[in-house]
Amino acid sequence: MSDINVQRRQFLKTSAGLAAVAIAPGMLLFEVAHGKPEAVSNKVRWGMLINTANCVDGCNDCVTACNKENGLAGGLNSGGLSPTDSQWIRKIELKDMRGGRTLSLPMMCQHCEHPPCVDVCPTGASFKRADGIVLVDKHRCIGCRYCMMACPYKARSFVHEPLHDQNPDVPRGKGTVESCTMCVHRIDRGQQPACAEACPNKAILFGNLNDPDSEIAIKIRTVASTQVRADLGLNTGIRYQGL
Amino acid sequence: MPTSSFNKNEQRYFYSLVAAGLLVVLTGLFAAHLMEEHGHIITGMNNQIVWGIPHVFAIFMIVAASGVLNVASIGSVFGKPIYKARAPLSSLLSIALLAGGLTVLMLDLGRPDRVIVAATNYNPTSVFAWNVLLYSGLFGLVSVYLWTMMEQRMNPWSKPVGLAVFAWRIILTTCTGLIFAFLVARQAYGSALLPPMFIVISFAWGLAVFHVVQSAIYAWNGKTHAPDIVKRMKNLLGIFVMAALYFVAAYHLTNLYFAHQSGFERFILIDGGLYPRLFWWGYGLLGNLLPLVLIFHPGLGKTRNVVAASLLVILGGFALLYVFVIGGQAYPLSIFPGYAASSSFGDGQIAQYSPSLPEILLGFGGLGMAFLITTVSVRALNFMPHDKPYIAD
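Conventions we followed
- Residues numbered from 1 in each chain as written.
- Chains lettered and ligands numbered in written order.
- Predicted model: local features only at pLDDT ≥ 70, side-chain atom pairs only at ≥ 80, totals over all residues.
- Pairing = 2+ DSSP bridges.
- Helix = DSSP H or I, 4+ residues; strand = E, 2+ residues; numbered from the N terminus.
- Contact = placed C-beta atoms within 7 Å.
- Nonpolar A, V, L, I, M, F, W, Y, C, P; charged D, E, K, R; others polar.
- Axes fitted to C-alpha atoms, helices over the stretch in contact; angles between N-to-C directions.
- Parallel < 35°, antiparallel > 145°, perpendicular 65-115°, else oblique.
- Left-handed = near helix turned anticlockwise from the far one by under 90°.
- Domains from an automatic or database assignment.
- Core = buried A, V, L, I, M, F, W, Y, C linked by C-beta atoms within 7 Å.
- Buried ≥ 20, exposed ≤ 12 C-beta atoms within 10 Å, placed from the backbone.
- pLDDT = per-residue confidence, 0-100.

A.B. asks: What's the story with the sheet that holds strand β10 (residues 238-241) of chain A in this structure? I'm lost.
C.D. replies: Strands pair in a sheet through their backbones, by hydrogen bonds, and they do so in one of two ways: parallel or antiparallel. Residue and element names in this part refer to chain A. Taken in spatial order, the four strands line up as β8-β1-β10-β9 in an open sheet, and their pairing is mixed. On the outer flanks of this sheet lie β8 (204-208) and β9 (225-226), each paired with one strand and no other. Sheet topology note: the β9/β10 ladder contains two bridges and is antiparallel. Note on β10: the bridge partner recorded for T226 is Y240.

A.B. asks: Help me understand the interface of chain B and chain A, please; the structure alone is not making it clear to me.
C.D. replies: In this assembly, 39 residues from chain B lie in contact with 44 residues from chain A. Only α6 (115-120), α7 (127-150) and β1 (339-343) of chain B provide two or more residues apiece to the side of chain B that touches chain A. Element by element, the count of residues in the side of chain B that touches chain A is highest for β1 of chain B, at five residues. Looking at the side of chain B that touches chain A residue by residue, the classes come out as 21 nonpolar, 15 polar and three charged. Pairing analysis gives five bridges linking strand β2 (residues 89-96) of chain A to β1 of chain B, with the strands arranged antiparallel. Bridge pairing links L94 of chain A to A341 of chain B in β1 of chain B.

A.B. asks: Is there a simple way to explain the packing of helix α2 (residues 53-67) of chain B against helix α14 (residues 357-380) of chain B in this structure?
C.D. replies: What describes two packed helices is the angle between their axes and the distance between those same axes. Residue and element names in this part refer to chain B. Running from N to C, α2 and α14 point in directions that differ by 20°, and their axes come no closer than 7 Å. The angle between α2 and α14 places the two elements in the roughly parallel class. Along this stretch, α2 crosses α14, giving a crossing that reads as right-handed. Contact residues: α2 offers I53, P54, V56, F57, A58 and M61, while α14 offers E359, I360, L362, G363, G366, L367 and A370.

A.B. asks: Sorry if this is basic, but what is going on with the domain arrangement of chain A here?
C.D. replies: Put simply, an interface is often sized by how much accessible area is lost when its parts join up. Taken domain by domain, chain A holds domain 1 (1-34) and domain 2 (46-241). A straight line from the C-alpha centre of domain 1 of chain A to that of domain 2 of chain A covers 47 Å.

A.B. asks: Can you help me understand the nonpolar core in this one?
C.D. replies: Membership of the largest hydrophobic core comes to 180 residues, with the highest contact counts inside it found for I204 of chain A together with F60, L97, A204, W205, V209 and V323 of chain B. If one sorts the elements of this core by residue count, helix α13 (residues 303-330) of chain B sits on top with 15 residues. Apart from the residues within four sequence positions on either side, A204 of chain B is in contact with G67, L237, F240, V241, A244 and V313 of chain B.

A.B. asks: Any chance you could explain the confidence of the model for chain B here in plain terms?
C.D. replies: Low pLDDT means the predicted atomic positions in that stretch should not be read closely. Residue and element names in this part refer to chain B. Averaged over chain B, the pLDDT score is 91; the fraction of residues at 70 or greater is 97%. Across chain B, element-level confidence peaks in α2 with a mean pLDDT of 97 and bottoms out in helix α4 (residues 81-84) with 84. Scoring the predicted complex yields pTM 0.91 and, for the interface, ipTM 0.91.

A.B. asks: Which parts of the structure should I look at to understand unusual backbone geometry?
C.D. replies: Working note: non-glycine residues mostly have negative phi, and peptide bonds are mostly trans. All names here are of chain A. For R145, which is not glycine, the phi dihedral falls at a positive 70°. Among the structural elements, R145 can be located in the loop between β5 (134-136) and α4 (146-150). For R145, a count of 22 C-beta atoms within 10 Å translates into the label buried. At R229, a position not held by glycine, the phi torsion is positive, near 50°. Taking the C-beta count within 10 Å as the criterion, R229 has 20 such neighbours and is therefore assigned buried.

A.B. asks: Sorry, what's going on with the pairing of strand β1 (residues 46-51) of chain A here?
C.D. replies: Residues and elements named next belong to chain A. Among the six residues in β1, six count as buried, and that is most of the element. Of the two faces of β1, the one holding W46, M48 and I50 and the one holding G47, L49 and N51 are both buried throughout. In this sheet, β8 lies alongside β1 in antiparallel orientation, the contact comprising five bridges. Across the sheet, W46 pairs through a bridge with N208, a residue of β8. The pairing of β1 with β10 spans four bridges and is parallel. Bridging across to β10, L49 finds its partner in R239.

Here you go:
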């Protein structure tokens, strides 16, 4: 009888030890992966103010930085961009049809407060984080492309081909829709989005729209800025100066 | 009664038809497999034209699936005996078309393997999510409706269930129209006129499909239509075609009145290349003018004219949807009103689209599936309309 008890005790001890050894690295990695212990909150609203006066015609540095950061081919593999290539940020050249004034600006997901892509997504794969960043859950997206139809800014791309050499920080998936994440992985590490950092003329100002003392909030209070298609009432997180 | 030799041949014809239908379905499934394997790169769709020819097929079948039930509704809800005799066939066609349309829609998804995600995660603000419920609900409801009609003990229930089907399909087609009506930023869509337009269009397309199938079944069984019935049903088709045309005209005329929409209308109606050609020749001439002549011209209006008119209405429907779905996306989004825009992402430019073979085969696969379900069911069960000798109304 007592023999059996000893064996059982031994077995339980060994099992507990083995379980601890098995779980511990996972727990440690879990801690490492979640760089910030607190969850994102709506006290923060991330946004950008783009000064079109500083955006140089022909400069593509923000686009190149975005492609590199997020592992997008950017047409490099196929000798030029095709209509099926993903473009999370693009340069648009504009010409005022009345006065003839020309300007150049970067266009990407506008991270709306009321995003049409989130409204129309059947599965809830398109979602808005508490801090205002609009994202796609790649595990939930079924690839119906309704969000692409609904986006007024044509900000979204569909992954048409199998992917290779992905950036581990930025998982993507063939057959799902994707768009600018505002470099959420960098923001969560306390860094700036790649495009804002790469702009040689500091045309892209990134910051917390909800913090009245932030540089972006002060700038938006003091200079005239516009939202693209403000008539739609989406309250975009990306604002433009000089448009 | 058919002779034994005819019987033998007839069976051979039947199996040939089933084999042909099966072949088309399998080819469609193979195309879908290729699309999943290689990605949508092997289709003509891209980041500008995100919905292509599979959606034209799927929307046609889903809209017609709702409209074909009109025959049953006129019988059950409004109590017209000649339509009541056709209610089972109308219900069967609805199920077949819905199955075909939904299969195409589902297999065109970027991740068709995740269809279970669509069934388990509902976003209550998404009209697509509503449609998942509405489409599967219609399947169930029409199946119950068929049961109440074909099982004698259930007959007393066929009227209330028929009423439920009527309400359900009106809501369903409203929501099909809402898919586009909710797209506020696109010039081609975002109009409250679209849901009623889709409902009326569904009446015309559904009845056209019904005419074709009914005539095929009659011919197959060596029967001829009573002229009275042909006359009534062809007149109804004519009225539906004209009502649909009215809505399409109203949609374009209201757009023409808004200054900011005139560029889009000019593109669709005049200088958009393929799109105006499809609109005027495909939808206008083949889909409306010719069928109306075939239906209402004093010397015409016989069964074979009505079948020809119905086939033309179907063809015109495809032309209209091509212009609506693909032409609507080809015209550039107005992101910066008042500015001429250009970029590497097609801003300010007409988007190009040429459908590839796999996506066309997928579309036909859906049609094949509807054909197969109809052919086998009509053979196995009693869907032949049985008219009483005396028509009361």
